[in-house]
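If you want the building blocks of each chain, they are given just below.
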Amino acid sequence: PIIYAITPTYSRPVQKAELTRLANTFRQVARLHWILVEDSAGVTELVSRFAAGLNRGGGPPCTHLHVLTPRRYKRPGQPRATEQRNAGLAWIRQRYQHAKGPPTPPTPGVLFFADDDNTYSLELFQEMRTTRKVSVWPVGLVGGRRYERPVVEKGKVVGWYTGWRAGRPFAIDMAGFAVSLQVILSNPKAVFRRHGSQPGMQESDFLRQITTMEELEPKASNCTKVLVWHTRTEKVNLANEPKYHTDSVRIEV
Ligand code: UGA
Ligand code: MN
């Protein structure tokens, strides 16, 4: 099966560094298609050049999209990247939407949501590739603990080990699950929503639309291994940037 990785990304001093690191991971994964969705009114030069560079050689095949988050949603406490992940979902659904005719055989494929700042082991991709419907695994450095994980008994997910908002129906970070293409295509209305806009509820709200806890497939040795980390990059200190351009050349960072 092909793996689709949907990555929302936005302009900031560390953006190119984050994307470079992510590309270096993805280029080592076979049959991975990267859907890079910018949070911007139009595609930016920086990301366009970056995506073209990947597609010219060695990089993972990359589809470059954009959609701007409405300004009223750019506030603390609001979920992030809702519109961008939905744009990725829409692109995939459109790609597999066939004209009326005989039903096509099920498409083998897996989709996951790869934020641009997390750290992904290569093993993670081997694990998610065998997803039948929806698979789950632990995520490191999240929820105020060293890790969160689905609790597994007799091969089934029965609950969640978490230190944050334990009442979440699916107490899992965006980085902790993958969904088969079949599930995405057979639930054409499943999208990320801002309603209620409780922090940390996007994952649960999305998963509730497509699956149940009983159905989840535990990966990473029954959810006992951390293969992805919710790392966050420190804000860069630009206190010494000159007010006006003073270097003799212009350099993209
Ligand atoms: C946590 C979760 O890991 C995210 O999946 C979730 O979207 C987020 O909370 C949330 O609050 O909704 P966190 O590390 O706090 O993540 O969020 P970021 O990494 O800052 O943002 C998640 C993704 O959205 C990143 O890929 C980032 O580049 C992108 N983003 C962020 C935008 O596209 N626009 C923004 O304004 C902010
Ligand atoms: Mn993050």
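My aim in this report is to walk through the structure given alongside it, one point at a time.

About the criteria used
Residues numbered from 1 in each chain as written. Chains lettered and ligands numbered in written order. Predicted model: local features only at pLDDT ≥ 70, side-chain atom pairs only at ≥ 80, totals over all residues. Heavy atoms only, no water. Buried < 20%, exposed > 50% of the residue type's maximum accessible area, 1.4 Å probe, protein only. Helix = DSSP H or I, 4+ residues; strand = E, 2+ residues; numbered from the N terminus. Contact = heavy atoms within 4.5 Å. Donors = N, O, S within 2.8 Å, 3.2 Å for Na, K, Ca; no water. Near = heavy atom within 4 Å. Polar contact = N/O pair within 3.5 Å; in protein donor to acceptor, adjacent residues only side chain to side chain. Areas by Shrake-Rupley, 256 points an atom, 1.4 Å probe, with all protein chains shown as cover. Nonpolar A, V, L, I, M, F, W, Y, C, P; charged D, E, K, R; others polar. Patch = residues over 30% accessible without salt bridge, like charges linked within 9 Å, V, L, I, M, F, W, Y side chains within 5 Å. Salt bridge = Lys/Arg side-chain N within 4 Å of Asp/Glu carboxyl O. Pairing = 2+ DSSP bridges. Axes fitted to C-alpha atoms, helices over the stretch in contact; angles between N-to-C directions.

**Thoughts on helix H6 (residues 202–210)**
Okay, so step 1: Within H6, 7 of the 9 residues are buried, which leaves the element mostly enclosed by the surrounding structure.
Okay, so step 2: The set of residues buried in H6 consists of Gln202, Glu203, Ser204, Asp205, Phe206, Leu207 and Ile210.
Okay, so step 3: If you follow the buried residues of H6, they end up packed against helix H3 (82–95), strand E4 (109–113), strand E6 (134–136), strand E10 (177–180) and helix H5 (181–186).

**Notes on the coordination of the manganese ion (ligand 2)**
Okay, so step 1: Bound to the manganese ion (ligand 2) are the protein donor atoms Asp117 (OD) and Asp117 (OD), situated 2.2 to 2.6 Å from the metal.
Okay, so step 2: One can find Asp117 in the loop between E4 and strand E5 (119–120).

**Let's talk about the site of ligand 1**
Okay, so step 1: Taken together, 18 residues lie around ligand 1, and Pro8, Lys74, Arg80, Asp115 and Asp173 are the ones closest in.
Okay, so step 2: Take Lys74: an N or O atom from its side chain is 2.7 Å from an oxygen atom of ligand 1.
Okay, so step 3: In the model, an oxygen atom of ligand 1 is placed 2.7 Å from a nitrogen or oxygen of the Arg80 main chain.
Okay, so step 4: For ligand 1, whose unbound accessible area comes to 680 Å², protein coverage reaches 87%.
Okay, so step 5: Taken together, the residues that form the shell around ligand 1 break down as 5 nonpolar, 3 polar and 10 charged.

**Thoughts on a nonpolar patch on the surface**
Okay, so step 1: Where nonpolar side chains cluster on the molecular surface, the patch consists of Val249, Ile251 and Val253 and spans about 310 Å² of accessible area.
Okay, so step 2: When you line up the elements, Val253 lands in the segment after strand E12 (228–229).

**Here's the deal with the sheet that holds E6**
Okay, so step 1: Pairing is mixed in the open sheet, where 7 strands are placed in the order E3-E2-E1-E4-E10-E6-E11. For this open sheet the edge positions go to strand E3 (62–66) and strand E11 (217–218), each flanked by a neighbour on one side alone.
Okay, so step 2: Bridge count between strand E2 (residues 32–38) and E3: 5 bridges; the pairing is parallel. Across the sheet, residue Glu38 finds its bridge partner in E3, namely His66.
Okay, so step 3: This element, helix H1 (residues 15–26), spans strand E1 (2–9) and E2 of the sheet and lies at about 165° to E2.

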